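Read off the chains here:
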Amino acid sequence: MFDADVASRGLGIELVHAAGGTAVARMRVTAAMVNGHRIGHGGFVFLLADTAFALACNTHGPATVAAGGEISFLRPVREGDLLTASATERVRYGRSGIYDVTVTRDGEVVAEFRGRSRTLARPADD
């Protein structure tokens, strides 16, 4: 799935690990990701967390998509920061799942994300 993710790879997101309902992805904050306050735009932090979430919930095989997600920004990030998003499956029941993603910078938590997944009844390319 990650090989076909042009958006994530285009932003420099790297897949570190994905297996068994977990995933780790990382991204360096670039000058193009900084907002008018000279801090990393929250949309890019959300995108990194969402990518790790997508990778984790697709480790089971069937095509799975986001049903929703929310994020809490805890610390600002800056140009040059290397962010790591670690996703963990909390529960999966039927076609629904809940995943938590912690985004860190040098071990410091900068954001917490919770995503809700839905496994598709048919292949994603239909």
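Up top you'll find the structure we're talking about.
Residues numbered from 1 in each chain as written. Predicted model: local features only at pLDDT ≥ 70, side-chain atom pairs only at ≥ 80, totals over all residues. Heavy atoms only, no water.

### Comments concerning the sheet that holds strand E3 (residues 64-73)
Selection criterion: Pairing between strands requires that DSSP locate at least two bridges from one strand to the other. The numbering of helices and of strands both runs from the N terminus, where a helix is a DSSP run of H or I of at least 4 residues and a strand a run of E of at least 2. Note on geometry: axes are lines fitted to C-alpha atoms, helical ones only across the stretch in contact, with angles between N-to-C directions running from 0 to 180 degrees. Residues are treated as being in contact if the distance between any of their heavy atoms lies within 4.5 Å.
Strand order in the open sheet formed by 6 strands is E1-E2-E4-E5-E6-E3, and the pairing between neighbours is antiparallel. The open sheet is flanked by strand E1 (14-19) and E3, the only strands paired with a single partner. The average undirected angle you get between the axes of adjacent strands in this sheet is 20 degrees. Relative to strand E6 (residues 108-119), strand E5 (residues 96-105) is paired through 10 bridges, and the arrangement is antiparallel. Along E6, the bridge assignment pairs Thr102 with Glu112. In this fold helix H2 (residues 42-57) packs onto E1, strand E2 (22-28), E3, strand E4 (82-93), E5 and E6, with an angle of close to 140 degrees to the strand it touches most, E3.

### Brief notes about the side chain of Thr51
Heads up, the rule is: Type-normalised accessible area, obtained with a 1.4 Å probe on protein chains alone, sets the label of each residue: buried when under 20%, exposed when over 50%, and partly exposed for intermediate values.
Position of Thr51 relative to the elements: it lies in helix H2. With a relative accessible area of 5%, Thr51 lands in the buried category. Contact partners of Thr51, with chain neighbours within four places excluded, come to Phe2, Asp5, Ser8 and Ile13.

### Some remarks on H2
Definition in use: Helices are assigned an expected span. That span is 1.5 Å times one less than the residue count.
The end-to-end C-alpha separation of H2 is 22 Å, in line with the 22 Å expected for 16 residues at 1.5 Å each. Restricting attention to buried positions, one finds in H2 the residues Val45, Leu48, Ala49, Thr51, Ala52, Phe53, Leu55, Ala56 and Cys57.

### Focus on unusual backbone geometry
Here the phi dihedral of Arg38 falls at roughly 65 degrees; this positive angle occurs in a residue that is not glycine. Considering the arrangement of structural elements, one finds Arg38 in the loop between E2 and H2. Even without glycine at this site, Asp106 takes up a positive phi of about 50 degrees. Along the chain, Asp106 turns up in the loop between E5 and E6. Residue Asp106 is classed as exposed on the basis of its relative accessible area, which comes to 78%.

### With respect to the pairing of E1
Relative to E2, E1 is paired through 5 bridges, and the arrangement is antiparallel. By the bridge assignment, Ala19 is partnered in E2 with Thr22. Linking two consecutive strands that pair antiparallel, namely E1 and E2, is a turn of 2 residues; a positive phi of about 55 degrees is found at Gly20 within it.

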